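Single-letter residue listing:
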Amino acid sequence: VQMYGLSHSCEQNIITCIRAGDILPLEAVLLGIACEASFSALETTKAYRVPKDYFMKKIAADPELGLLIARKLSQYCLRLGSELANMPHRSARERVAYRLVTLAEHFVEPGSDTAVLRLRISNEFLARSTNMTRETASREISWLTKKGYIKRDNGYIVINSLPALKQEVGKGFQ
């Protein structure tokens, strides 16, 4: 699921991707703040709605659930920190490569130098999540494909070498 806001010109600005097991929007539940973001599924998705009162009672009654929520919040903070630390990447290529690496680290089990992103990621999604035009994102995806860093397989992106793609991002990768 992608979480996005709308720009002044009503274009999607992708904030983050949410994977199976994530709880959203936590700020609305825990802080009572209205969630300004919108959500849309990238693939067939099942979402469950839990009433706020029920959820809060469960957290209060179950310390393990509270710990799970704390872990989720920590993961969100780490991901956001990484996004902020890597904002200075100037080239479109670095931004696209960075987005692919972060998606791999978020959605693929660690420990492999290769990754298959088992969600359909369009060039439009990559453009919106890296603040560039679809044409620019498409050009950079083509370049990364020609260089052998990535390939498309049945609509999925396969990263042939995470270390090589991280190298493409540059020394600023955190």
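Everything below is about the structure shown above.
Residues numbered from 1 in each chain as written. Predicted model: local features only at pLDDT ≥ 70, side-chain atom pairs only at ≥ 80, totals over all residues. Heavy atoms only, no water.

Caption draft 1: A look at unusual backbone geometry. One non-glycine residue, Asn131, lies in the positive phi region at around 60 degrees. Turning to its location among the elements, Asn131 is positioned in the loop between helix 5 (123-130) and helix 6 (134-146). Judged by relative accessible area, which is 66%, Asn131 ranks as exposed. Of note in this structure, Asn154 is not a glycine but carries a positive phi near 55 degrees. Mapped onto the secondary structure, Asn154 falls in the loop between strand 5 (150-153) and strand 6 (156-159). (Helix = DSSP H or I, 4+ residues; strand = E, 2+ residues; numbered from the N terminus. Buried < 20%, exposed > 50% of the residue type's maximum accessible area, 1.4 Å probe, protein only.)

Caption draft 2: How the structure looks around helix 4 (residues 92-107). For helix 4, built from 16 residues, the straight-helix expectation of 22 Å at 1.5 Å per residue is met to within 8% by its first-to-last C-alpha distance of 22 Å. Within helix 4 the residues assigned to the buried category are Ala92, Val96, Ala97, Tyr98, Arg99, Leu100, Val101, Thr102, Leu103, Ala104 and His106. (Expected span 1.5 Å × (residues − 1).)

Caption draft 3: Representation of a nonpolar patch on the surface. Together, Leu30, Leu31, Ile33, Met56 and Leu73 give the surface a local cluster of nonpolar side chains, amounting to about 420 Å² of exposed area. By the element assignment, Met56 lies in helix 2 (residues 52-61). For Met56, a relative accessible area of 32% puts it in the partly exposed group. (Patch = residues over 30% accessible without salt bridge, like charges linked within 9 Å, V, L, I, M, F, W, Y side chains within 5 Å. Areas by Shrake-Rupley, 256 points an atom, 1.4 Å probe, with all protein chains shown as cover. Salt bridge = Lys/Arg side-chain N within 4 Å of Asp/Glu carboxyl O.)

Caption draft 4: Up close: the sheet that holds strand 2 (residues 12-17). In spatial order, the strands read 2-1-3; together these 3 strands make up an open sheet with antiparallel pairing. The sheet is open, and its two edges are formed by strand 2 and strand 3 (38-40), each paired on a single side. Between one strand axis and the next, the sheet turns through 35 degrees on average, direction left out of account. Where strand 1 (residues 2-6) and strand 2 come together, 5 bridges link them in antiparallel fashion. Bridged to Leu6 within strand 2 is Gln12. (Pairing = 2+ DSSP bridges. Axes fitted to C-alpha atoms, helices over the stretch in contact; angles between N-to-C directions.)

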